[in-house]
Each structure stands twice: as C-alpha cells, then as structure tokens.
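# Examining the three-dimensional arrangement
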Amino acid sequence: MFLKYLKIENNEGIIRRIEFHQGLNLIVDETKDSTSDTGNNVGKTTLLFLINYCLGGEAYKVYKSSDKSVNKEVKRFLEETEVIVELVMAESLTAINCRQVRVRRNFLKNRKAIREINGEQVLEKNFDSCLQQAIWDVKTHKPTFRQIISHSLRIDALRLEQVMQTFPTSYGKYLDYEALHLYMFGANIDDADRKAEISRQVNDDMGKKRWLEKKGELGELNSRLSLLIQDISSLEERKNSLWVNPDFENDLIELSFVENELRHMGNDKTNLSIRKQLIMEAVGDMQVLDVNINTAEVEEMYKEASSFNIQLHHSFKELLKFHNAMLERRVEFIIAEIPQLDRQLEQLDAGIKEMMEKSLMLQEKLNRSATRGQIDEYIARITTLYQEKGELEKSIADVTAIDGEIRKSRSLLENIEKGQFTPEWERRVQEQIDKFNVHFTEVSRILYGEEYIVTYYVNEKNSKTPTKCYVFQSKAMNSYGSGKKQGEIICFDLAYVKFADDENIPCLHFTLYDKLELVHNNQLERIVEVIERMGNEQCVAAILRDKLPKRMDSDKYVIAKLSESERLFKMEESAWYKATHQR
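Remember, predicted model here, so these are calculated numbers, not experimental data.

Cut-offs and rules
- Residues numbered from 1 in each chain as written.
- Predicted model: local features only at pLDDT ≥ 70, side-chain atom pairs only at ≥ 80, totals over all residues.
- Heavy atoms only, no water.
- Axes fitted to C-alpha atoms, helices over the stretch in contact; angles between N-to-C directions.
- Helix = DSSP H or I, 4+ residues; strand = E, 2+ residues; numbered from the N terminus.
- Parallel < 35°, antiparallel > 145°, perpendicular 65-115°, else oblique.
- Left-handed = near helix turned anticlockwise from the far one by under 90°.
- Contact = heavy atoms within 4.5 Å.
- Nonpolar A, V, L, I, M, F, W, Y, C, P; charged D, E, K, R; others polar.
- Core = buried A, V, L, I, M, F, W, Y, C linked by side-chain atoms within 4.5 Å.
- Buried < 20%, exposed > 50% of the residue type's maximum accessible area, 1.4 Å probe, protein only.
- Expected span 1.5 Å × (residues − 1).
- Pairing = 2+ DSSP bridges.

Before going further, it helps to spend a moment on the packing of helix 2 (residues 72-80) against helix 17 (residues 575-582). Running from N to C, helix 2 and helix 17 point in directions that differ by 125 degrees, and their axes come no closer than 11 Å. Between helix 2 and helix 17, the angle falls in the class oblique. Of the two elements, helix 2 crosses helix 17, and the hand of that crossing is right-handed. Between helix 2, through Glu 73, Arg 76, Phe 77 and Glu 80, and helix 17, the contact on the second element is made entirely by Trp 576, Tyr 577, Thr 580 and His 581. Among the residues forming the contact of helix 2 with helix 17, the class breakdown is three nonpolar, two polar and three charged.

In this structure, Leu 26, Met 89, Leu 131 and Phe 472 are the most contacted members of the largest nonpolar core, which totals 106 residues. Those residues in contact with Phe 472 that lie beyond four places of it in its chain are Met 164, Gln 165, His 181, Leu 182, Phe 185, Val 429, Ile 433, Val 454, Thr 455 and Tyr 456. Counting residues in hydrophobic clusters, the runner-up holds 19 residues, among them Leu 255, Leu 262, Met 265 and Leu 345.

Moving on, we get to helix 7 (residues 192-212). With 21 residues, helix 7 should cover 30 Å at 1.5 Å per step; its first-to-last C-alpha distance of 30 Å lies within 8% of that length. Every buried residue belonging to helix 7 is among Ala 192, Lys 195, Ala 196, Ile 198, Ser 199, Val 202, Asn 203, Asp 205, Lys 209 and Leu 212, and all of these are buried.

As a further point, take unusual backbone geometry. Most peptide bonds are trans, and most residues other than glycine sit at a negative phi. Put simply, Lys 142 and Pro 143 share a cis peptide bond, and its omega is 5 degrees. Relative to the assigned elements, Pro 143 resides in the loop between helix 3 (127-136) and helix 4 (145-148). Here Asn 504, not a glycine, exhibits a phi torsion of approximately 55 degrees, which is positive. Note on placement: Asn 504 falls in the loop between helix 15 (485-503) and strand 11 (510-513). The exposure class assigned to Asn 504 is exposed, which follows from its relative accessible area of 69%.

This paragraph deals with the sheet that holds strand 3 (residues 23-29). As summarised here, the arrangement of the five strands in space is 8-11-12-3-13, forming an open sheet in which the pairing is parallel. The outermost strands of the open sheet, each flanked by one partner alone, are strand 8 (153-154) and strand 13 (558-562). As defined by bridge partners, strand 8 adjoins strand 11 across two bridges and the pair is classed as parallel. Bridge pairing links Arg 154 to Tyr 513 in strand 11.

Another point: the pairing of strand 5 (residues 100-106). Burial analysis of strand 5 places five of its seven residues in the buried class, the great majority of the element. One ladder, built from seven bridges, connects strand 4 (residues 84-90) with strand 5; its direction is antiparallel. Looking at strand 5, one finds that Ile 84 is bridged to Asn 106.

Have a look at this one:
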C-alpha cells in the first residue's frame, strides 16, 4: 500500500489536500528561525502524526507540543470545528483501477466519533484489526497490526533511535519482538501469540508468587503452620482442664450475701458489746459512789443544823439508809439487762461462726472454678490462632496453586520450544536472514560504502524470560559513529520493502520520517537515488528548509511547505479563530 492523498476538512470547508507520489515526499518547514519549536509550531510533524492517527495512532499526539504538553488551542480547534482527516491508500499510484483503502477520522468521542474504513463505521477496539484486514486481507493477533507497521512510522524518539526495537513494551519484550521479527522475516511460528501469552502468564504468576511469599516462602509457611497447630492444641488442653462451676453465678451472689450478713452481724455484736460495757461501767461508778460517802462528816452537819433549832424530819441514819437502798435498787435495775445481752452476744457469735464457715466454703469453691472471663479469654486466644491458621493455610494453598500453574505453563512452553528450536527451524530462520541481508548490505554499500547486516542469537531462559527466544539485532560489519544511526535505519527500511516483496510478506510501501535533517546532505541525495532505483518505495519526511539540498527543492519532491504564515491547519484564517479571539 502507498499513500495517495491526505485531506483535512472541517465545518468551514476543506483546509488542505496533500497529494503523495512515489519516491521521496518532503514536508518542508520554512521557518527562518530553526531553533524555534517547529514540531507543533507550523505543523510538519503534526502532518506525520495525522497519518499515524489514521493508521490507529493516538489522537493526543496530533495536538501535543514538543515539550509533551497539550496545545489546548489546537485541541479546541480540532474538536469545536469538527475537523475530519481523510487518508486514502492505494496498491499502486500508477494503475487506474487498483484496490484502495479510505480512512476517515475526527477528534470527537462517543457517538460523535467518526472512525470509518472504506465508508463503514468501526468500533475503536476493532479499528486496528479491521484496518489490517482492509489493507492486507489478513488478521494477526501476535504480532499486532501496530507492531508490524511500527518501523514504517519513524516519527518519535524511540523509532528514530532504534533500528528494530520500534515499539514500547514492558516485560516480555524479547517475546514481543521475537514474534514481530519472525513474522517480518517470513519465519513466523503458529504458536507465537500462544507462546507470548503463556510467557506473560508465567510472569504474572511469578509476580503473584513473589507477593504471596512476602509472608514467607512455602517451607517457612509450613513450619509456622506446624507450630501454630501445636499452640492451638496446647491451649485447647488447658481450656478443657478447667472445672466449670455450673452454679458459679449463684455462688457468687450467695457469697456476696454472706459477706453482707457478716458485716451486719459484726456491727450488731459491736453495738451489744458497747452496751454491755456501758452498763458495767455505770454499776462500777455507783459502787464507788457508795464507798466514797463520809458518814461522819454528814452526821456532824446534821448536829450543827440541830444547834440552830432547824427542824429536821429525818435523822441522818434514816437518810443514809434510804440513800443506800436507792443505789442498790438502781444497780439491780441496770444489771437486769446483762443476761439478755449475753444471750444475744452468744447467738451472734454462733451466727458469725456459721457465716464465716459458709463464706470460706464458697470462696474455696469459687477459687477452684474457672470464671466466664477466663473461659472467654481462652476462647478468644484460640479463635485468633485459628484465624492465623486459616490465613496460613490459604497462603500455602495459593502458593501451591501458583506453583502448579507455573509448572503447567512451563511444560507448555517446553513443548512449543521443541518445535521452534530444532536445527531445521534455526536453519530456516538463518536462510531468511541471509536473504534480507543481501538487500540490506546492498543498500548500505550504496549509501555509506559500508555493510550492515541483521543477526540473531537464542536467548536462554532467565528470571525475566521464562522461555527461550530468538533475539534479532542490526549491526555494521565495521564499527561506525553514532551519527550514522539515522542512515542505518533508512537502509533497513528500504531493504525491508524489497525483501518483503520478494517473499510476498505483507508490508506498507511507505515510511514516515521526522527530523530528516539529521541525515547529511550527501546521504540525502543518495537516499533519493536508491528510492528512485527501487521504484516500489515511498518516503514521507519532514525537514527544515535550511537543511534541504538545493537539488531536492522542487515540486518533484516537496509536497507541502509550511511556515509561520502558512500553518498546517490554517487556524488563524478560520472564522472560528476570529470569533474566539474577539471575545
């Protein structure tokens, strides 16, 4: 397939229509100050990304600046004026009735999105495979369509610096590139996609295993499980050895009642003892009072009173007798309570003794039995250990299952390897590489007077790649400076188109190049000669005006001239731009 034309239009009409021809097609940036940001400034690189977008590339790269920031104004223009990009490819640029593929895309989303191939709207997820079917009448799963055409789109840093590693990939890059390069050189295997998928699954499983083994490797997990089981058994035995008192709560209540009764009885005994003590002290005081009366003195007082003719009704003896009789009667009255107090104290002592014995019996019974709290504590500890046991068993089961899946996958990979790395198949790979190198060395001799070749080696299994794989690389027969890397890339691309045609391998007959100014003028002129001699190659390249050889500054090669006053989208000339900048 060759590029026929690219049309850019919006709701104001056609913005540009760029016709492509066979051979070299140059997009010239005529900006005088070549140090400015020309990538998204005038649009030479943007034009290449528009072609890439029609071939399944990302929309954001069309309005991304060279510093990787989004040019918001360009993005708004593309969306708000409903810009549509139409790319037409043809099997021949000279034949009249040849097969063509027409792609139309806009920059809107969801239901407003236009994503057409030959007039039919295509789902985004199916776009690449449908486009591959339309261009080559085939579909491949591995390598993907975008991987196959990646070396034809030399418009970003990776593809401008690498000859064969032309698409980004993470883990399994050797396998992704193996599938691509075996396909490119006509030695592809039927199980390439299956091999890559299984290898990726092994990698995922190994990652899961490493994550699971953060808790410990399988042997350590089993050892910890064994110790845990022993701890659970020990706690279960200790819990079962406890005597559970069925009347524990009732005994506890009864003990509280007994201790309360003991407190009351003790208080009663104290009060009765004090009462008895007070009575005994009162009797003693009365007896002392009787003993301490001086009868002789009182009798003398009576005699003295009589001398003063004081009439006394009773004699001293009568009065003394009466006084002593009163004391005796009072003592008798007071001590009459003591026998009753003694009986009460005796009853209290007996009650206290009985309650003390009952209290001791209940305390001993309660001390011998396990409390509900103790039982619950054992149960809680055992439950926690069972939870840890369950987690360990799950980890062991997960690691064991992952190990099983890894062994199964590696067995499948070994079966694939048996057919892929036989001496016969390696000879087949080498034969195809030799055929390609004929063209590669021929082109490189013409352009640089040197010989570039592609070689391969078998990468053995390792921690990053769980299977053997072919690794291809480009190299010079003689060493050269890094300044010729761009030339090596162009030699590879030109040689591959010739090789693919000879081998009937589907390929694009056009290649996009950004920054062609990196190639020296002499090499540029030779590249033109080689392209014209081959006759089946189309090269679309962006270049700065001051790096363009004079011989190539003609309509024969130049298909678009862009500058500060003639930008790709002509945005400043649009009614949209004038309306938005007047507000």
